[in-house]
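# Close look at the chain arrangement
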Amino acid sequence: MSDLKATINNAMKEAMRAKQKARLTTVRLALSAIKQVEVDKRIELDDTAILAILDKMVKQRRESIKMYEEAGRQELADVEHAEIAVLQEFLPQPLTDAEIDKLIDDAIAQSGAESIRDMGKVMGMLKPQLQGRADMGPVSGKIKARLS
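The structure reproduced in this document is the subject of the present report. Counting restarts for each chain: residues are numbered from 1 in the order of the written sequence. Two thresholds apply to this predicted model, a pLDDT of at least 70 for residue-level local features and 80 or more for giving and counting side-chain atom pairs, whereas whole-chain, interface and lining totals are computed over all residues. The basis for every side-chain value is the complete set of heavy atoms in the structure, and neither hydrogens nor water enter the calculation.

### Overview of the overall build of the chain
Secondary structure is summarised from DSSP: a helix means a run of H or I of at least four residues, a strand means a run of E of at least two, and numbering begins at the N terminus for each. Along the backbone of the chain there are seven helices and zero strands. For the chain, the succession of helices and strands along the chain, N to C, is α-α-α-α-α-α-α. Its C-alpha atoms give the chain principal-axis dimensions of roughly 55 × 40 × 30 Å. Exposure categories follow from relative accessible area, calculated using a 1.4 Å probe and restricted to protein chains: below 20% of the type maximum is buried, above 50% is exposed, and the middle band is partly exposed. Counting only residues that meet the buried cut, the chain has 37% of its 148 residues in that class. Contacts: residue pairs with any heavy atoms within 4.5 Å of one another. Taking all contacts inside the chain whose residues are at least 6 apart in sequence as the whole, residues at least 24 apart take part in 61%. All accessible areas in this document rest on Shrake-Rupley with a 1.4 Å probe, and a residue is counted as covered only by the protein chains that are shown. If you sum the accessible surface of the chain, you get close to 9,200 Å²; carbon and sulfur atoms cover 53% of it.

### Things to note about the packing of helix 2 (residues 21–41) against helix 4 (residues 74–88)
Two numbers describe how helix 2 lies on helix 4: the axes approach to 9 Å, and their chain directions differ by 60 degrees. On the basis of their axis angle, the class for helix 2 and helix 4 is oblique. As for how helix 2 packs across helix 4, the hand of that crossing is right-handed. Two secondary-structure elements touch here, helix 2 through Arg23, Thr26, Val27, Leu29 and Ala30 and helix 4 through Glu83, Val86 and Leu87. The classification used treats Ala, Val, Leu, Ile, Met, Phe, Trp, Tyr, Cys and Pro as nonpolar, Asp, Glu, Lys and Arg as charged, and all other residues, Gly among them, as polar. Of the residues contributing to the contact of helix 2 with helix 4, the split by class is five nonpolar, one polar and two charged. Working convention: axes come from line fits to C-alpha atoms, limited for helices to the stretch in contact. Angles between N-to-C directions cover 0 to 180 degrees. For this classification, under 35 degrees means roughly parallel, over 145 means roughly antiparallel, 65 to 115 means roughly perpendicular, and everything else is oblique. Should the near helix be turned anticlockwise from the far one by less than a right angle, the crossing is left-handed, and should it be turned clockwise, the crossing is right-handed.

### Some thoughts on helix 6 (residues 119–130)
Expected helix span is taken as 1.5 Å per residue step, with the number of steps being one fewer than the number of residues. Between its first and last C-alpha atoms helix 6 spans 15 Å; for twelve residues at 1.5 Å apiece the expected length is 16 Å, and the two agree. For helix 6, every residue scored as buried is listed here: Met119, Val122, Leu126 and Leu130. The buried residues of helix 6 occupy one face: seen down the axis, they fall within an arc of 65 degrees. Within helix 6, the exposed residues directed more than 90 degrees away from the buried face are Gly120 and Pro128. Structurally, helix 6 contributes buried residues whose contacts are with helix 5 (97–111) and helix 7 (136–147). This arc describes the spread of directions from the helix axis toward the C-beta atoms.

Right, here's the structure in full:
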């Protein structure tokens, strides 16, 4: 079992003991998503793959928050905010804009990217470094701006 999966399992047990229903529900959702991928692919996921799943879950909740707030359903948006807070406990610390900019500059230099056609090379180098630590949408915008 990966370290991250063990950490999430322990968090589930702690939430059960402390009778934290909302936290327990979110942690169980995360474990369920991990287990689903493991069953579908018939593999044991490593920490990198688990981070990708957690990152995707956070992204889904951010999209839900936007929709709930546009519909005037703040109570549902608040639930999603709480779930994001729990999921982010298992993700690495987010990178600052300066750190992201430096990684982008380094990746462009290392890949020899000169135009927007080379964006795939740069993204390929950055994705493992940024997984779970930065939203890839704005990052791709920054790369496009530098390669244009």
